[in-house]
Amino acid sequence: MNIYKNIIFALSFLFLHQSLIFAGEKDAIYVVDMQQLIDKSEMGKKATVILEKEKSQKMAQLENLKMELQKIAEEYAKQEPFLSDEAKLAKRETVLKKQREFQIKQQDVMQEIDGVFRREVGTILKKAEDILKQISKERGLKVVIEKDPRLVIYVSQEYDLTYDVLKKLDAA
């Protein structure tokens, strides 16, 4: 199965290479580094601030819950030798319940932070995509791909649209 994938990849690479040799400049393949747009744009910097603020607030809440859990566990450890079997069982169940609540809250917090990240990055990417479509239409470009190091080994600066998109993204 892998040999077929390699053959298909090789053939598609040869086809792509041949089409670039005979293509005009407008038919060339252009690239844009979306990660750089996220990292360097004003929108990206604002998103980072929002994300860090949200993350620090949520982590502070988690830390408070963790301290509360530790306090309950320590109280149980001190009281355990003096408690009846029923009281030990009740106290142990309370500790376990608080541990489960903490774990659930921890998962919820991580999902909330991930949601904020996805929302902020999604907004940037949508705006960048719109700008990229506009630039492509204005210049008559036919192909623009993500500047992914697994796919793009080298690209001349004249075929990299990242800076152009970044300028328009920051101007928006």
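Treat the numbers as computed from the prediction; the structure is a model and nothing was measured.

Q: Please set out the overall build of the protein residue by residue, giving values where relevant.
A: On a plain count of helices and strands, the protein comes out with 5 helices and 2 strands. When the helices and strands of the protein are listed from N to C terminus, the series reads α-β-α-α-α-β-α. Carbon and sulfur atoms provide 58% of the accessible area of the protein, an area that totals close to 12,900 Å².

Q: Break down helix 5 (residues 162-171) for me, with residues and values.
A: Buried within helix 5 we find Thr162, Val165, Leu166 and Leu169. End-on view of helix 5: buried residues confined to an arc of 105°, all on one side of the axis. Helix 5 presents Tyr163 and Ala171 as exposed residues on the side facing more than 90 degrees away from its buried surface. Of the surrounding secondary structure, the elements contacted by the buried residues of helix 5 are strand 1 (29-32), helix 2 (34-40), helix 3 (42-79) and helix 4 (85-139).

Q: Got a sec to walk through the confidence of the model for the protein? Specific residues and values, please.
A: Scored by pLDDT, the protein has a mean of 85; 84% of the residues are at 70 or more. In the model of the protein, helix 1 (residues 2-22) stands out as the element of lowest mean pLDDT, 48, in contrast to helix 5, which has the highest, 95. Segment residues 9-23 is flagged for pLDDT under 50; beyond a separation of four residues in sequence, or across chains, it makes 3 contacts in the model.

Q: Would you mind going over the packing of helix 3 against helix 4 in detail, with residue names and values included?
A: Think of two packed helices as two axes; the pair is described by the angle between the axes and how far apart they sit. Two numbers describe how helix 3 lies on helix 4: the axes approach to 10 Å, and their chain directions differ by 175°. One finds that helix 3 runs roughly antiparallel with respect to helix 4. Looking at the contact of helix 3 with helix 4 residue by residue, the class counts come to 18 nonpolar, 6 polar and 14 charged.

Q: Describe in detail the nonpolar core, supporting the description with residues and values.
A: The nonpolar side chains of a soluble globular protein tend to be buried with one another. Counting 18 residues, the largest nonpolar core has Val32, Leu37, Leu161 and Val165 as its most contacted members. Taken together, the elements giving at least two residues each to this core come down to strand 1, helix 2, helix 4 and helix 5. Counting residues per element, this core draws most heavily on helix 4, which supplies 6 residues. Not counting residues up to four positions away in its chain, the partners in contact with leucine 161 are Tyr30, Val31, Val32, Leu132, Arg139, Leu141 and Val144.

Q: Break down the pattern of salt bridges for me, with residues and values.
A: Scanning the entire structure with this criterion turns up 12 salt bridges. For the salt bridge of lysine 45 with glutamate 42, the shortest nitrogen-to-oxygen distance reads 3.8 Å. Remark: glutamate 42 and lysine 45 occur in helix 3; sequence separation between them is 3 residues, near one turn of the helix. In this structure, the salt-bridge partner of lysine 147 is aspartate 160, at a minimum N-O distance of 3.0 Å. Of the two residues, lysine 147 is situated in the loop between strand 2 (143-146) and helix 5 and aspartate 160 in the loop between strand 2 and helix 5; the sequence distance between them amounts to 13 residues. Classification of lysine 147 as partly exposed rests on a relative accessible area of 28%.

Q: How would you summarise helix 3 if you had to cite specific residues and measurements?
A: For helix 3, with 38 residues, the first-to-last C-alpha span of 56 Å sits near the 56 Å given by 1.5 Å per residue. Those residues of helix 3 not exposed but buried are Gly44, Ala47, Leu51, Lys58, Leu62, Leu69, Ile72 and Tyr76. Check the buried side of helix 3 and you find it contacts helix 2 and helix 4.

Q: Tell me about the side chain of lysine 58, residues and numbers included.
A: If you trace the backbone, lysine 58 turns up in helix 3. Look past the residues within four positions of lysine 58 in its chain and what remains in contact with it is Val109, Glu112 and Ile113.

Q: Describe in detail the environment of lysine 40, supporting the description with residues and values.
A: Inspection of the secondary structure assignment puts lysine 40 in helix 2. For the pair lysine 40 and tyrosine 163, spaced 123 residues apart in the sequence, the C-alpha separation amounts to 10.0 Å. When sequence neighbours within four positions are dropped, the list of residues in contact with lysine 40 reads Lys45, Leu166 and Asp170.

About the cut-offs
Residues numbered from 1 in each chain as written. Predicted model: local features only at pLDDT ≥ 70, side-chain atom pairs only at ≥ 80, totals over all residues. Heavy atoms only, no water. Helix = DSSP H or I, 4+ residues; strand = E, 2+ residues; numbered from the N terminus. Areas by Shrake-Rupley, 256 points an atom, 1.4 Å probe, with all protein chains shown as cover. Buried < 20%, exposed > 50% of the residue type's maximum accessible area, 1.4 Å probe, protein only. Arc of directions from axis to C-beta. Contact = heavy atoms within 4.5 Å. pLDDT = per-residue confidence, 0-100. Axes fitted to C-alpha atoms, helices over the stretch in contact; angles between N-to-C directions. Parallel < 35°, antiparallel > 145°, perpendicular 65-115°, else oblique. Nonpolar A, V, L, I, M, F, W, Y, C, P; charged D, E, K, R; others polar. Core = buried A, V, L, I, M, F, W, Y, C linked by side-chain atoms within 4.5 Å. Salt bridge = Lys/Arg side-chain N within 4 Å of Asp/Glu carboxyl O. Expected span 1.5 Å × (residues − 1).

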